[in-house]
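One letter stands for each residue in the lines below.
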Amino acid sequence: MTISVFEDYHALSAHAASFIAGQLRIKPSLTLCMASGHTPALTVEMLVNTILSEKIDYSGFRFIGLDEWLGLPPENSGSCHYFFKTKLIDPLQLSPSQYFLFDAMSPDPAAECKKMDAVIAERGIDIMLVGIGMNGHIGFNEPGTSFLSLCHVAALDDTTKSVGQKYFNEQMELSKGITTGLGQLLTASTVLLMANGSKKAPVIQKAVEGPVKESFPASIIQRHPNAVILTDKEAAALLNTSR
Ligand code: F6R
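Chemist: Before we move on, could you go through the sheet that holds strand S3 (residues 62-65) and cite the residues and values that matter?
Modeler: Judged by pairing direction, the sheet is parallel, and its 7 strands sit side by side in the order S1-S10-S9-S6-S2-S3-S5 without closing on themselves. Looking at the sheet topology across the chains shown, the edges are occupied by strand S1 (2-6) and strand S5 (99-100). Sheet strands touched by helix H1 (residues 9-26): S1, strand S2 (31-34), strand S6 (127-130), strand S9 (190-195) and strand S10 (227-232). Its angle to S9, the strand with the most contacts, is close to 165°. Packing against the sheet, helix H7 (residues 201-209) makes contact with S1, S9 and S10, and its axis sits at approximately 155° to S10.

Chemist: Requested: an account of the packing of helix H2 (residues 41-53) against helix H3 (residues 80-92), with residues and values cited.
Modeler: Interhelical geometry of H2 versus H3 gives an angle of 5° and a closest axis separation of 10 Å. Compared by their axis directions, H2 and H3 come out roughly parallel. Here Ala41, Val44, Val48, Ile51 and Leu52 of H2 lie close against H3, whose contacting residues are Phe83, Lys87, Leu88, Pro91 and Leu92. Within the contact of H2 with H3, the residues separate by chemical class into 9 nonpolar, no polar and 1 charged.

Chemist: Talk me through the sheet that holds strand S4 (residues 67-69); I want residue IDs and the actual numbers.
Modeler: Pairing between the strands of a sheet is mediated by backbone hydrogen bonds and can be parallel or antiparallel. As summarised here, the arrangement of the 3 strands in space is S4-S8-S7, forming an open sheet in which the pairing is antiparallel. Both outer strands of the open sheet, S4 and strand S7 (152-155), are each paired with one neighbouring strand and no more. The mean inter-strand angle of the sheet, taken between neighbouring strand axes irrespective of direction, is 25°. Pairing of S7 with strand S8 (residues 176-179) involves 4 bridges; the strand directions are antiparallel.

Chemist: Account for the environment of Glu45, with residues named and values stated.
Modeler: Its place among the elements puts Glu45 in helix H2. Each C-alpha atom of the pair Glu45 and Pro74 lies 20 Å from the other, and the pair is 29 residues apart in sequence.

Chemist: Describe the pattern of salt bridges, listing the residues and the values that go with them.
Modeler: One pass over the structure, following the stated rule, counts 6 salt bridges. The shortest N-O distance in the salt bridge between Lys115 and Glu112 comes to 2.9 Å. One end of the pair is Lys115 and the other is Glu112, both in helix H4 (residues 109-123) and 3 residues apart, which spans about a single turn. Classification of Glu112 by relative accessible area gives buried; the value is 8%. One salt bridge connects Lys161 with Asp158, and the closest N-O pair in it is separated by 4.0 Å. Placement of the pair is Lys161 and Asp158 together in helix H5 (residues 158-163), with a separation of 3 residues, close to one helical turn. Overall, the relative accessible area of 61% leaves Asp158 in the exposed class.

Rules used in this analysis
- Residues numbered from 1 in each chain as written.
- Predicted model: local features only at pLDDT ≥ 70, side-chain atom pairs only at ≥ 80, totals over all residues.
- Heavy atoms only, no water.
- Pairing = 2+ DSSP bridges.
- Helix = DSSP H or I, 4+ residues; strand = E, 2+ residues; numbered from the N terminus.
- Contact = heavy atoms within 4.5 Å.
- Axes fitted to C-alpha atoms, helices over the stretch in contact; angles between N-to-C directions.
- Parallel < 35°, antiparallel > 145°, perpendicular 65-115°, else oblique.
- Nonpolar A, V, L, I, M, F, W, Y, C, P; charged D, E, K, R; others polar.
- Salt bridge = Lys/Arg side-chain N within 4 Å of Asp/Glu carboxyl O.
- Buried < 20%, exposed > 50% of the residue type's maximum accessible area, 1.4 Å probe, protein only.

Limitation: the analysis is restricted to geometry and does not speak to function.
Have a look at this one:
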């Protein structure tokens, strides 16, 4: 596990975008699995700009959405689908064969999970870019999720239900998510865990320096052989300074 601390959110995002763009140059068939949410928003914007301005070949690029709010239509501006469509899929004009998103409206979410498990098993994940929730979740792997989990439907815990309101214009009834699993995070070649802002300092500290346990899902990062923690100074404020 390596930890890189950046001056601010802009520098952090620029680094993550440039890392992914660099890997895409090396491996044009790169598969990126990525979270939505506030943390990676600038990274994805910078990544798209770099790919287009530097004319990086992305014809072989594949994208997997990390998770989704179950039952939320894709046109809802708070959905992960909307985030990926407006920030990545449309700007890069990705063809449907280049991206894989959970269908949160499917009448058979278990089948959606199996489909995504098959995609991940077949392609593998080169880079998984994740954020961290205020309860230590990664994706919608809520506290108590097995470190061996594959794609699954998750009952959202109270923290996720209340913090998740920030993505929506009106009060939402959030109860379940559909998500890739922690077992799949362990199979990714590289995991980038990003966090910014002082409110993330306690959870970053627990993820990086606390005990590895399923009751705090992000602590799994300590088990990954090639995990990179990227934070701004504020999110790193509680980390052991000798690092
Ligand atoms: C979203 C996701 C979540 C977020 C986490 C942090 O697709 O997977 O686990 O990464 O809740 O959210 P932000 O970045 O909005 O603080």
